Number of protein chains: 2
Amino acid sequence: MIGWVRLESGAVTTRSSTDAARVIPEATVARLPVYLRALTALADNGIRTCSSEDLATAAGVNSAKLRKDLSYLGSYGTRGVGYDVDYLRYQIAREIGVTQDWPVVIVGIGNLGHALANYSGFRSRGFRVVALLDADPALVGRTVADIAVRPFDDLDEIVREHDVAIGVIATPAHAAQDVADRMVGIGITSILNFAPAVVAVPEGVDVRKVDLSIELQILAYHEQRKANGGAEAAAAAADGVDAAGGGAA
Amino acid sequence: MIGWVRLESGAVTTRSSTDAARVIPEATVARLPVYLRALTALADNGIRTCSSEDLATAAGVNSAKLRKDLSYLGSYGTRGVGYDVDYLRYQIAREIGVTQDWPVVIVGIGNLGHALANYSGFRSRGFRVVALLDADPALVGRTVADIAVRPFDDLDEIVREHDVAIGVIATPAHAAQDVADRMVGIGITSILNFAPAVVAVPEGVDVRKVDLSIELQILAYHEQRKANGGAEAAAAAADGVDAAGGGAA
DNA sequence: CGCATTTTGTTCTCACGTTCACAAACTCCT
DNA sequence: AGGAGTTTGTGAACGTGAGAACAAAATGCG
């Protein structure tokens, strides 16, 4: 009976190139880029093979979680040996979709937009900034990171021309929803929002939010709890609650 | 027997000013700053009272979750009426710890560090940048956001002088672990890491990681799945998996 | 005063994510 | 070839989080 449950033997592999029961949990998806980076670091150090323990250490997770995460992609390791660094790296990159190049537009070229435009990590990881947009006429025409800033109204044209699917919002909070609406209207289906505001989008559009001050506030909360070394903190620590959450990596 | 298990009846309320079984789930802690911002927005619009439904909409969550989150803090609403905006705002701010001012240092004044130093959202939310540090002598002495950039070696002195508990790392990846070690060594217990690297810290130190390209990679994954409009995507959609994860806000 | 209405706070159930523990599978050595 | 040693992949137990649903408490109206 157990033999029948295994999915990668014989008949099943005759499916299309991408294989069977492919529902990767969101938590796993969020860690795949971390593994990818760790593998790249290992490869740069000339390491050809690694165990789940090695990779887990490099990625800052425990090895059981790593193995389970990888198991959602397929069986890319060899028991008793470990993983081939380059092979696994390619498989993860393919799964995430960074073997191809993704064009992105950045809207809002203030402090943060400026920094994002100059951030080399995008380019090196499969993302290409095809345009910088800003509604402020004073900024339009300036060149940032070798890219000319264009008026926000050019969004339609640019998105159509480059077939852009991913947009980055780096505007002040009050402009964020308008920008998002406009992006969605043109067919952008993934948004990375740096503006400190909640943006509502229709179903089918993904939004991820990066909020600098929220991260600090979360740290402040834990910091405050640590500082209150009183009775309640002690009680919490006794339960092992202290190290919970964003704790030791 | 069940009666004995209940924790908040009678005697327990005679504890110290902060009340009893105070274990706020990490997921809730992460949302409190969002509620805080939504409340501030409501207050700015002159709204004095709101229902959980109103606030939930403003914060982009559902009202049941909001009420449950708030219930961990205490009973600050009035049944049949709703919440007093200012009162609730103060309670959340106090819980997070942003009624006081938190001094922070930023290490690494490159693209991103520059943007962070200029980010007004920190100051307005209870965080004060007390120093900018960089190891590069060429940057030291420059002024960014009205703050002079100082050599990294001044870290000890600055942290002691201002009693800094929170450090921000905005260096290149290869320097991140060194900076973190140094920070931890001086007594910093909360780190916000923008460098694209995993930093290991001892227990008791909180690290939060903000990684721009990882966020894009997560979006790329979902984008790729949407694009593969084939059989597997259809099967996933039938399960309602499509909108999962970072989906509609 | 009592009743209908509103809205909170809480309980219950289910789904998701993490961790443990172990069998399966591979290598290496004798 | 066979056994000892390694390491993966996964089943099962556990803990946390989300959402539905409802009881409790407040208001307002007749």
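The structure displayed is predicted, hence computed values, not measured ones.

Analysis parameters
Residues numbered from 1 in each chain as written. Chains lettered and ligands numbered in written order. Predicted model: local features only at pLDDT ≥ 70, side-chain atom pairs only at ≥ 80, totals over all residues. Heavy atoms only, no water. Helix = DSSP H or I, 4+ residues; strand = E, 2+ residues; numbered from the N terminus. Expected span 1.5 Å × (residues − 1). Buried < 20%, exposed > 50% of the residue type's maximum accessible area, 1.4 Å probe, protein only. Polar contact = N/O pair within 3.5 Å; in protein donor to acceptor, adjacent residues only side chain to side chain. Pairing = 2+ DSSP bridges. Near = heavy atom within 4 Å. Nonpolar A, V, L, I, M, F, W, Y, C, P; charged D, E, K, R; others polar. Contact = heavy atoms within 4.5 Å. Core = buried A, V, L, I, M, F, W, Y, C linked by side-chain atoms within 4.5 Å. Least-squares fit on C-alpha atoms with pLDDT ≥ 70 in both.

A. Region of the structure containing helix α10 (residues 212-227) of chain B. Residue and element names in this part refer to chain B. With 16 residues, α10 should cover 22 Å at 1.5 Å per step; its first-to-last C-alpha distance of 23 Å lies within 8% of that length. Burial analysis of α10 places 13 of its 16 residues in the buried class, which makes it a mostly covered element. The backbone nitrogen of Ser 213 lies 3.1 Å from a side-chain oxygen of the residue at the head of α10, namely Asp 211.

B. Just the sheet that holds strand β3 (residues 82-84) of chain A, in detail. All names here are of chain A. Taking strand neighbours across the sheet as the criterion, the three strands line up as β1-β3-β2 in an open arrangement whose pairing is antiparallel. Each end of this open sheet is capped by a strand with a single partner; those strands are β1 (49-50) and β2 (77-78). Two elements, β2 and β3, share two bridges in a ladder whose sense is antiparallel. When the sheet's bridge partners are listed, Gly 77 is paired in β3 with Tyr 83.

C. The arrangement of the protein's contact with DNA strand D in detail. If you check the shell around DNA strand D, you find 25 residues, and the closest are Ser 52 and Tyr 83 of chain A together with Lys 65, Lys 68 and Arg 79 of chain B. Across the atoms of DNA strand D situated within 4 Å of the protein, the share located in sugar and phosphate is 63%. A distance of 2.9 Å is found between a base nitrogen of DNA strand D and a side-chain nitrogen or oxygen belonging to Arg 67 of chain A. Between DNA strand D and the protein, one listed contact pairs a phosphate oxygen with a side-chain N or O atom of Asn 62 of chain B at 3.2 Å. Elements with a minimum of two residues in the surface near DNA strand D: α4 (63-71), β2 and β3 of chain A together with α2 (26-44) and α4 (63-71) of chain B. By residue class, the composition of the surface near DNA strand D is six nonpolar, 10 polar and nine charged.

D. Structural context of the environment of Gly 60 of chain A. By the element assignment, Gly 60 of chain A lies in the loop between α3 (52-59) and α4. As a C-alpha pair, Gly 60 of chain A and Val 34 of chain A span 26 residues in sequence and 8.8 Å in three-dimensional space.

E. Summary view of the side chain of Arg 208 of chain A. Residue position: Arg 208 of chain A is located in strand β10 (residues 206-209). Side chain to side chain, Arg 208 of chain A and Glu 215 of chain B meet in a polar contact 2.5 Å long. Apart from residues lying up to four places away in sequence, Arg 208 of chain A is in contact with Glu 26, Ile 191, Leu 192 and Asn 193 of chain A together with Glu 215, Ile 218 and Leu 219 of chain B.

F. Molecular detail of the protein's contact with DNA strand C. Lining the immediate surroundings of DNA strand C are 30 residues, of which Arg 31, Lys 65 and Arg 79 of chain A together with Ser 52 and Tyr 83 of chain B lie closest. Across the atoms of DNA strand C situated within 4 Å of the protein, the share located in sugar and phosphate is 69%. Here a phosphate oxygen of DNA strand C and a side-chain polar atom of Asn 62 of chain A are 3.1 Å apart. Here a phosphate oxygen of DNA strand C and a backbone polar atom of Tyr 76 of chain B are 3.5 Å apart. Put simply, the parts of the chain that give the surface near DNA strand C at least two residues each are α2 (26-44) and α4 of chain A together with α4, β2 (77-78) and β3 (82-84) of chain B. In terms of residue count, the dominant contributor to the surface near DNA strand C is α4 of chain A (four residues). Class assignment for the residues of the surface near DNA strand C results in seven nonpolar, 11 polar and 12 charged.

G. Inspection of the nonpolar core at higher detail. Core analysis: the biggest nonpolar cluster contains 108 residues, and Ile 92 of chain A together with Ile 92 of chain B have the highest contact counts within it. Contact partners of Ile 92 of chain A, with chain neighbours within four places excluded, come to Leu 32, Tyr 35, Leu 36, Leu 39, Leu 70 and Leu 73 of chain A.

H. Spatial organisation of the relation of the copies chain B and chain A. Rotating chain B by 180 degrees about the axis while translating it 0.0 Å along that axis superimposes it on chain A, leaving an RMSD of 0.0 Å. In the structure described here, the two chain copies are related by an operation that fits a two-fold rotation axis. Across chain B, the rotation axis passes nearest the C-alpha of Ala 115 of chain B, at a separation of 3.2 Å. Here 98% of the contact residues of chain B are again contact residues in chain A; the copies associate through an equivalent surface.

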